[in-house]
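Residue strings, one per chain:
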Amino acid sequence: MDLIGKIDALFRRRGHTCYSDERTEAVSALEHALQCAQLAEWAHADTALVAAALLHDLGQLMDGGPDDALRDDQHELRALPMLSAGFGPEVTEPIRLHVAAKRYLVSTDEAYEGTLSPASLHSLRLQGGRMNAEERLLFENHAHAAAALKLRRWDDLAKRPGMRTPSLDYYLGLLEQLQGEARTPPRLSIV
Ligand code: FE
Ligand code: FE
């Protein structure tokens, strides 16, 4: 099965899960992914960042997470080995950094913490809470920090029950297009 087929299968088989206990969100994992990608498109993000928005929580649908809700599931890392086989750092790095972006925002924006859902606040505590000055500096100097912060803002908004979005097939087509672009070498213009 190719990479897009694997992504499709994960969303279709496990995307309807809503998380229980402290991790409860108002929408399913698939609805959250589609809403996040839609918000990225509405903000005119480039295709790679729309893809990152769609795929940012894919790790939650993969095996290997903890059984209980009281441990950090490190879901931002779990899909990266699979995704980096087909996508570049413009896609994988904002995904890897989307938890760090939350920790950065709670330590730099006073109003931000109040906007988080109960599930997101719960995971924040498990993920290390606020960043210290050194962690903030390291984050700010990352080449993909700005993209990760944008993704984080869409992530936090992508939890609206009943919101209409384009279909999963539409976004899978966009992923195929992105892979096609990566395979096509840039044309030399000879004048
Ligand atoms: Fe996440
Ligand atoms: Fe998310």
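Residues numbered from 1 in each chain as written. Chains lettered and ligands numbered in written order. Predicted model: local features only at pLDDT ≥ 70, side-chain atom pairs only at ≥ 80, totals over all residues. Heavy atoms only, no water.

## Topic: the overall build of the protein
1) Next: Summing up its helical and strand segments, the protein has 11 helices and 0 strands in all.
2) Next: Along the protein, helices and strands appear, N-terminal first, in the series α-α-α-α-α-α-α-α-α-α-α.
3) Next: Radius of gyration (C-alpha) of the protein: 17 Å, near the 16 Å computed for a compact globule of 191 residues.
4) Next: Considered along the principal axes of its C-alpha atoms, the protein spans approximately 55 × 40 × 30 Å.
5) Next: Looking at the protein as a whole, 49% of its 191 residues qualify as buried.
6) Next: In the protein, 72% of the contacts between residues at least 6 apart in sequence involve partners at least 24 apart.
7) Next: Accessible surface, the protein as shown: approximately 10,300 Å² in total, 53% of it carbon and sulfur.
8) Next: Both charge centroids of the protein, one from 21 positive and one from 28 negative side chains, sit 1 Å from each other. (Helix = DSSP H or I, 4+ residues; strand = E, 2+ residues; numbered from the N terminus. Rg over C-alpha atoms; globule rule 2.2 N^0.38 Å. Buried < 20%, exposed > 50% of the residue type's maximum accessible area, 1.4 Å probe, protein only. Contact = heavy atoms within 4.5 Å. Areas by Shrake-Rupley, 256 points an atom, 1.4 Å probe, with all protein chains shown as cover. Lys, Arg positive; Asp, Glu negative; His and termini not counted. Charge placed at Lys NZ, Arg CZ, Asp CG, Glu CD.)

## Description of the coordination of the iron ion (ligand 1)
1) Next: The coordination sphere of the iron ion (ligand 1) contains the protein donors Asp57 (OD), His75 (NE2) and His98 (NE2), at a distance range of 2.1 to 2.2 Å.
2) Next: For the iron ion (ligand 1), the single-chain donor residues occur in sequence as D-x17-H-x22-H.
3) Next: The metal-metal distance between the iron ion (ligand 1) and the iron ion (ligand 2) is 3.6 Å, with Asp57 coordinating both. Placement of the pair is Asp57 in the loop between helix H3 (47–55) and helix H4 (75–78) and His98 in helix H7 (residues 98–108), with a sequence separation of 41 residues. The exposure classification of Asp57 matches that of His98, with both residues buried. (Donors = N, O, S within 2.8 Å, 3.2 Å for Na, K, Ca; no water.)

## A look at helix H6 (residues 89–96)
1) Next: Buried within H6 are the following residues: Val91, Thr92, Glu93, Pro94 and Ile95.
2) Next: Packed against the buried residues of H6 are H3, H4, helix H5 (80–83), H7, helix H10 (145–157) and helix H11 (168–183).

## Looking at the packing of H7 against H10
1) Next: Interhelical geometry of H7 versus H10 gives an angle of 85 degrees and a closest axis separation of 8 Å. One way to sum up the angle between H7 and H10 is to call them roughly perpendicular. Every residue of H10 that contacts H7 at His98, Val99, Ala101, Lys102, Tyr104 and Leu105 is listed here: Ala148, Leu149, Leu151, Arg152, Arg153 and Asp155.
2) Next: Its residues assigned to classes, the contact of H7 with H10 shows 7 nonpolar, 1 polar and 4 charged. (Axes fitted to C-alpha atoms, helices over the stretch in contact; angles between N-to-C directions. Parallel < 35°, antiparallel > 145°, perpendicular 65-115°, else oblique. Nonpolar A, V, L, I, M, F, W, Y, C, P; charged D, E, K, R; others polar.)

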